[in-house]
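Each chain, letter by letter, is given below.
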Protein chains: 2
Amino acid sequence: MELIPVIMSGGVGSRLWPVSRETHPKPFMQLPGGQNLIQKTFLRASSLDGVVEILTVTNRELLFKTEDEYRAVDRAHHSLSYILEPFGRNTAAAVAAAALQLLETRGPDACMLVLAADHLIKDQAAFATAVANAVTLATQGWLVTFGIKPTYPETGFGYIEADAFNKLAGGQKVARFVEKPNLDTAKAYVSAGNYYWNSGMFCFRVGTVLDELRAHAPDVVEAVAATLEASRLSTGKGYSCRALDAETFANVPDISIDYALMERSSKVATIPCDIGWSDIGSWNAVSELTHEDENGNRFEGEVLSHASRNNYVNSEERLTALVGVEDLLVVDTPDALLITNRAHAQDVKHIVQQLKSGGHTAHLLHRTVHRPWGTYTTLENGERFKIKRIVVKPKASLSLQMHHHRSEHWIVVSGMAVVINDQQELMLNTNESTFIRAGHKHRLQNPGVIDLVLIEVQSGDYLGEDDIVRFEDNYGRVDN
Amino acid sequence: MELIPVIMSGGVGSRLWPVSRETHPKPFMQLPGGQNLIQKTFLRASSLDGVVEILTVTNRELLFKTEDEYRAVDRAHHSLSYILEPFGRNTAAAVAAAALQLLETRGPDACMLVLAADHLIKDQAAFATAVANAVTLATQGWLVTFGIKPTYPETGFGYIEADAFNKLAGGQKVARFVEKPNLDTAKAYVSAGNYYWNSGMFCFRVGTVLDELRAHAPDVVEAVAATLEASRLSTGKGYSCRALDAETFANVPDISIDYALMERSSKVATIPCDIGWSDIGSWNAVSELTHEDENGNRFEGEVLSHASRNNYVNSEERLTALVGVEDLLVVDTPDALLITNRAHAQDVKHIVQQLKSGGHTAHLLHRTVHRPWGTYTTLENGERFKIKRIVVKPKASLSLQMHHHRSEHWIVVSGMAVVINDQQELMLNTNESTFIRAGHKHRLQNPGVIDLVLIEVQSGDYLGEDDIVRFEDNYGRVDN
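Note that the coordinates shown come from a computational prediction; the quantities given were computed from them, not determined experimentally.

**Digging into the relation of the copies chain A and chain B**
Mapping between the two copies of the chain is achieved by a rotation about an axis and a shift along the axis.
Then, in step 1: For the match of chain A to chain B, the screw axis carries a shift of 0.1 Å, the RMSD comes to 0.2 Å, and the turn is 180°. Overall, the copies show the geometry of a two-fold rotation axis.
Then, in step 2: Of the interface residues in chain A, 100% have counterparts in chain B that sit at the interface too, so the contact is made through matching surfaces.

Pasting the structure below:
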């Protein structure tokens, strides 16, 4: 029985702004104690029995970053594959794409375990047991959901009603799915005992889910099949990868797998679970991962407080001082600061909407940007200058390029660099520097076996990222 | 009649942390609309009739900075003098030192106008009238205070009770000084009509104040006289300057001019004023300088808000987002963030005490440090590197120096530099760079007529400020 965890890494998590952003979404958020959500999801998936491949559905911009995060924790060298969406098209499209690709590569009997990249599950053993039960039901032709035993009447989740008279091995048949309830209804669900939080995780045979999708949402399957046909599956570099064709993908209906399939099919079962699950849906949920002090405060970073209670502060870099405040959630990043309180944590998404409609970039980018060759971090945007810290991976190389309006000054602070500057090639050691005049073709390479860290100071009248002419590139970006 | 405004620039203003710090205290705080408090105080003083000199009592660390601020706004080229205290010794010592120096240079009939460097006065014409009245009374031998007509029952100020039956030209004789009252007493004072806020501004003849100090606080006068005797008055550089001898100054009693003199003398008068005075005593007071929007919010900097009312945000650099919060005061600086509320604004000083007792430097320094040749701003402290923006004034020069453990890389982003590097001298134009190896003697000069702005990247294993050997210096710092 081949098991393929399918990690869905699509959402942005705008309620977790300013840490979560479009180019650094929620799965990449660092949690207290190291590792981010996608690494935890990867490790959780890869330690299950029978896993033959891990398939991730994400987008082109996040591919290198996801690879980096997986490789940093993957000791077992799993077979990895990626489906890259040109834009988000909801979960039915993502599940259908994964199923059709797996039908191609693994056949109809392979079993898919659909996981969100940004959930937390504390009890790995209970999770593994739940998955084993789910696989058993999946092989019998069920579409299996994971129903979380509710610990309180949450109004932010949908619920699954289990059919109390229809027990299956390790699970139950599903009677119906219900929308997010009001508080009274939620309380009734919790006391009824056969209602569960819909976790958004699923397990099914590739053949089953495709048959059922064809029956209940044929337009989704057809449009996704056409997209896959127009999209090349490439292999090499240690993983296989399929970038979905945008033109055909645009025809796929924007619908969730719950609406498209789960609420319509009669073959849905649920595994009731008590696995320490959280969807980390707001800063309230994140705050609970941090130790509470005697005043009810939870602090990540350097915080001083006076006469302040029940606050959460998450500050990467700066000292934060609280004086006489209560119930605040404070999240500080190098370029943006959020101050809200426990009652309004869900409303942070309104700020992200304001940023989008105002054309601001603070919902998109962080200071550190990932590239195939490494990363760059903007340290300072000054008048007539910009400063970046550039980290180049061993043996990696930036493109051969030229800028019309700026000179670039490179100072090696760690490792070693080979620099092509106009007609010359020179080797720069740690603590050495060079400069590239505007108009000179240049290229930066790391010939070594450790990271090259260099400080780049750009100087000139115009410092936009679009002042770049690329001549040669190892990553196919010449025509960008 | 010679009038000498004496600007007392001693206090730190710890209730205005994190903007106000020991090396960048409250008088240097930038206000909305440009200019800082000490510049406003300087301009207010220098536009008065009869001013022959402006004497500032401050400390050694703030001399260059104060000079810079004055010169930036001084079109009339006033005669400037400074008394530099080695440490704060309260206001009686400062007034006595100013009076004794003025006795020496101007004689007993010169009139002193003692002003705090960090107060705001909105109505300059009313202030000028009040000062003219004060000078008239001072020449008659009165110690003149400025009593502010109370607009509400403030409990944070001391009050002056005027003797209603003893009117003087433009003022009244003082019956008594009273300590900070409780709210009921303050209300009674406001309705009584003859109580005024004690503004801490004074006007008196040099001869009068010294006679009265000798009568009521002879120990202060004697100890300060001994200090002046041990402290050289130097002239040149466009101003005169007296750095008080620390050993003798340590013998001066630590007492305020109110306790030492005003509450004891029978020659005290007050000028009742309605001049738009504020001592800018907390972030509440600062917030009132900013325009209020329709939700009662006052924002300096880029702020987005949702469902938030009556907040004040002061952020130099970063985007701040408020969601569902009220009555907060948020002050954001590059290295420290304060969050408090209107009811607790006075308690910010507790944070400064925590910083001091914890050995933290965030109460001392800002990222920008003033030097006689210009300024430097630390942009980034990294592993194995440190980045500074250095601004060198026209014609100024850093010392000839050498570092054992770091190389320095200089990139000119504006203006022109002359660099001495080991045996070589070279000229660097805008957008050019050079680097100084560890162990090489070097010097940086600005030969031009506009500011030289350069980015310095230090690289090496040890980057402490103490790795410096100075060989020659234009500012007498070789033996530092």
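Back to the text.
**What about the interface of chain A and chain B?**
Interface size is commonly expressed as the accessible surface area that is lost when the partners come together.
Then, in step 1: Of the residues lining the interface, 56 residues belong to chain A; the matching set on chain B comes to 56 residues.
Then, in step 2: Carbon and sulfur atoms supply 61% of the area that chain A and chain B bury against each other, a total of about 4,600 Å² over both sides.
Then, in step 3: Considering only the surface of chain A that becomes buried against chain B, Arg318, Val323 and Ile339 of chain A emerge as the three largest contributors, covering 14% of it.
Then, in step 4: Note that Asp332 of chain A and Arg318 of chain B form a salt bridge whose closest N and O atoms lie 2.7 Å from each other.

**A look at the sheet that holds strand E22 (residues 385-392) of chain B**
All names here are of chain B.
Then, in step 1: The strand order across the open sheet built from six strands is E20-E21-E22-E29-E24-E27, with neighbouring strands paired in antiparallel fashion. A strand with exactly one partner marks an edge of an open sheet, and here the two such strands are strand E20 (368-371) and strand E27 (433-436). Going across the sheet, the axis of each strand differs from the next one's by a mean of 20°, ignoring polarity.
Then, in step 2: As paired elements, strand E21 (residues 374-381) and E22 share seven bridges and run antiparallel to each other. Directly across from Thr375, in E22, lies its bridge partner Val391.

**Topic: the packing of aromatic side chains**
Then, in step 1: Under the definition given, this model contains 24 aromatic pairs over all chains.
Then, in step 2: Between the aromatic rings of Phe87 of chain A and Phe249 of chain A, the centroid separation amounts to 5.5 Å while the plane-to-plane angle is 45°, which identifies the pairing as tilted. One end of the pair, Phe87 of chain A, is in the loop between strand E3 (80-85) and helix H3 (90-106); the other, Phe249 of chain A, is in helix H8 (residues 246-249), with 162 residues separating them in the sequence.
Then, in step 3: A ring pair is formed by Tyr159 of chain B and Tyr189 of chain B, whose centres lie 5.1 Å apart and whose planes are at 55°; its orientation type is tilted.

**So, the side chain of Thr208 of chain A**
Residue and element names in this part refer to chain A.
Then, in step 1: Take Thr208: it is sitting in helix H6 (residues 206-216).
Then, in step 2: Judged by its relative accessible area of 6%, Thr208 falls in the buried class.
Then, in step 3: Within polar-contact distance, the side chain of Thr208 engages the side chain of Arg205 at 3.0 Å.
Then, in step 4: Leaving out residues up to four positions away in the same chain, Thr208 has contacts with Ala138, Gly141 and Leu143.

**With respect to the UniProt feature "domain: MannoseP isomerase/GMP-like beta-helix" (unreviewed entry) in chain A**
Then, in step 1: The UniProt record annotates "domain: MannoseP isomerase/GMP-like beta-helix" (unreviewed entry) at residues 303-355 of chain A.
Then, in step 2: The span residues 303-355 of chain A carries 15% helix and 45% strand; its end-to-end C-alpha distance comes to 28 Å.

**A closer look at the packing of helix H1 (residues 37-46) of chain A against helix H2 (residues 63-73) of chain A**
Residues and elements named next belong to chain A.
Then, in step 1: One way to put it is that H1 packs onto H2 with a least axis distance of 9 Å and a crossing angle of 55°. Looking at the two axes, H1 sits oblique to H2. Note on packing geometry: the crossing formed by H1 with H2 is right-handed. In this structure, H1 uses Ile38, Gln39, Phe42 and Leu43 to contact H2, whose residues at the interface are Thr66, Glu69, Tyr70, Ala72 and Val73.
Then, in step 2: Its residues assigned to classes, the contact of H1 with H2 comprises six nonpolar, two polar and one charged.

Rules and cut-offs
Residues numbered from 1 in each chain as written. Chains lettered and ligands numbered in written order. Predicted model: local features only at pLDDT ≥ 70, side-chain atom pairs only at ≥ 80, totals over all residues. Heavy atoms only, no water. Least-squares fit on C-alpha atoms with pLDDT ≥ 70 in both. Contact = heavy atoms within 4.5 Å. Buried area = accessible area lost by both parts, 1.4 Å probe. Salt bridge = Lys/Arg side-chain N within 4 Å of Asp/Glu carboxyl O. Pairing = 2+ DSSP bridges. Helix = DSSP H or I, 4+ residues; strand = E, 2+ residues; numbered from the N terminus. Axes fitted to C-alpha atoms, helices over the stretch in contact; angles between N-to-C directions. Phe/Tyr/Trp six-rings, centres within 6.5 Å; stacked < 30°, edge-to-face > 60°. Buried < 20%, exposed > 50% of the residue type's maximum accessible area, 1.4 Å probe, protein only. Polar contact = N/O pair within 3.5 Å; in protein donor to acceptor, adjacent residues only side chain to side chain. UniProt positions renumbered as here; feature names shortened; annotations may be inferred. Parallel < 35°, antiparallel > 145°, perpendicular 65-115°, else oblique. Left-handed = near helix turned anticlockwise from the far one by under 90°. Nonpolar A, V, L, I, M, F, W, Y, C, P; charged D, E, K, R; others polar.

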